[in-house]
Amino acid sequence: MTQTKAARLKKHFRKFGAFYLMLVIPMTILILFKYVPMYGAQIAFREFRITRGIEKSPWVGFKYFSKFFSYYNFPAIIRNTLVINLYSLLTFPLAPIFALCLNHMPCRRYTKLVQNVSYLPHFISTVVLCSMVIQFTNARTGLINQFLGLFGVPAVNYMAKKEYFYGIYVWSGVWQSLGYSSILYIVALSSVSPELHEAAIIDGAGIMKRIWHIDIPGILPTICIMLIMQCGRLLSMGYEKILLLQNPLNTVVSEVISSYSYNVSINAGTPQYSYAAAIDLFTAVINLVMLCLVNGLVKKMNQTSLW
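Keep in mind the model is a prediction, meaning the values are calculated, not measured.

**Student:** Explain the packing of helix H14 (residues 257–264) against helix H15 (residues 273–302) here, please?
**Tutor:** Any two packed helices are characterised by the angle at which their axes cross and by the distance between the axes. In contact at an axis separation of 8 Å, H14 and H15 are set at 160° when each is read in the N-to-C sense. Regarding the angle of H14 to H15, the classification is roughly antiparallel. Our pair here, H14 against H15, has a crossing hand that is left-handed. Across the interface between the two elements, Ile-257, Tyr-260, Ser-261 and Val-264 from H14 touch Tyr-275, Ala-276, Ile-279, Asp-280 and Thr-283 from H15.

**Student:** Honestly, the pattern of salt bridges in this entry has me stumped. Any pointers?
**Tutor:** Once their charged atoms are close, side chains differing in charge can pair, the charge on each being opposite to the other. What the rule picks out here adds up to two salt bridges. As a salt-bridge pair, Arg-49 and Glu-47 come within 3.2 Å of each other at their nearest N and O atoms. Using a relative accessible area of 40% as the deciding quantity, one classes Arg-49 as partly exposed. Judged by relative accessible area, Glu-47 falls into the buried class, the value being 15%. Where Lys-63 meets Glu-47, a salt bridge forms, and the shortest distance between an N and an O atom there is 3.1 Å. Of the two residues, Lys-63 is situated in helix H2 (residues 63–69) and Glu-47 in the loop between helix H1 (2–35) and H2; the sequence distance between them amounts to 16 residues. Under the relative-accessibility criterion, Lys-63 is labelled partly exposed at 43%. Among the charged side chains, a network of salt bridges with common partners joins Glu-47, Arg-49 and Lys-63.

**Student:** What is the right way to look at the packing of helix H4 (residues 94–103) against helix H11 (residues 207–231) in this model?
**Tutor:** Where H4 meets H11, the axes come as close as 12 Å, and the angle between the chain directions of the two elements is 135°. The angle between H4 and H11 falls in the class oblique. Here H4 runs over H11; the crossing is right-handed. Facing H4, whose interface residues are Pro-96, Leu-100 and Asn-103, H11 presents Ile-211, Asp-215, Ile-216, Ile-219 and Ile-223. Counted by class, the contact of H4 with H11 contains six nonpolar, one polar and one charged residues.

Scoring rules and cut-offs
- Residues numbered from 1 in each chain as written.
- Predicted model: local features only at pLDDT ≥ 70, side-chain atom pairs only at ≥ 80, totals over all residues.
- Heavy atoms only, no water.
- Axes fitted to C-alpha atoms, helices over the stretch in contact; angles between N-to-C directions.
- Helix = DSSP H or I, 4+ residues; strand = E, 2+ residues; numbered from the N terminus.
- Parallel < 35°, antiparallel > 145°, perpendicular 65-115°, else oblique.
- Left-handed = near helix turned anticlockwise from the far one by under 90°.
- Contact = heavy atoms within 4.5 Å.
- Salt bridge = Lys/Arg side-chain N within 4 Å of Asp/Glu carboxyl O.
- Buried < 20%, exposed > 50% of the residue type's maximum accessible area, 1.4 Å probe, protein only.
- Nonpolar A, V, L, I, M, F, W, Y, C, P; charged D, E, K, R; others polar.

And the structure:
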C-alpha cells in the first residue's frame, strides 16, 4: 500500500511538478510579507519601545485598545470611516454597468477608444489626483467655479466646506478607478456564450432583456466575489488621499481610522507604535468579521463565496 501511494505521489509530481515550482516565488513573497509580519502584531499588547525590542517590551494587555475606545473623537472617526466606505459601496454597481455598456456598443473601434481613455486615470498618482481636485475646486481659479460662474452661480471653496468632502473623495475615486475596475467584468462577459445571445435574438429579445437574462447571470459570481471583498474592507482605507485632501476646515469629516493611526505613529513627535498597532489590529478584526458575515450571507443567497 505504501509503495502504491509513493508511486502515485511520484507520478503526480512528475505531471504537475512545474506548476508547484511556479508557486514557489509567489508563496515565498506571501509568507515573507504577509505572514511573518504578523509576529509584530503583538506590540499592540505591549509597551513597545524601539530601544528595547519586541521581546523585552512589557505586556500591557488591552491598554491601548481601551485608550482608543475612550478617545473623545472615537465616534466621529468611526462615523467618517463608515460613511466614506458605505458611500463608496453605493458606487460599486457602476463598474459592472460600465462593462455592460462597453460590451454592447455597436462600434468596436469606438469601444476600444472608450476603454483606453477610461483606463488612463488609474495610472495617475494619488498626489497628482489630489492636486487636480484642489485646483479644480479652487474658489478663485477653479475650473468648476469658473464654469458655474457662467450661469451666475457664486464661487464656493469646496475643500473648505465639510458637506462636500465625502462627495469629492468618493467621486474622484470613481473617476480614477471606474475604467480599470471594469476590466474584470469585461473578461467575465467575454466568457458568456455568444450562442445564448443568438438564440435570444432569434426569439425576439431586445438588448435590455439579453443583459438581464444572459449577461448579468453570467457575471453574477464575479460581482458577488468583488462585493464580498469590498465589504471586507469596510473599516480600511488608505490614508494618503485623506491626508492630501485634508485641511483644518474639513478635519471634522475627513479624520478616519487610517489617518488617525498615521498621525499618532509616523507623523507624531513621539511615535506611539503600540497604540497605532492596536488601532490597526482592531480594524483588521472588524474587517475579518464583516468578511465572514457577508461571505456566509452571499453563499446562502447565491451559492457563490470565497470559501
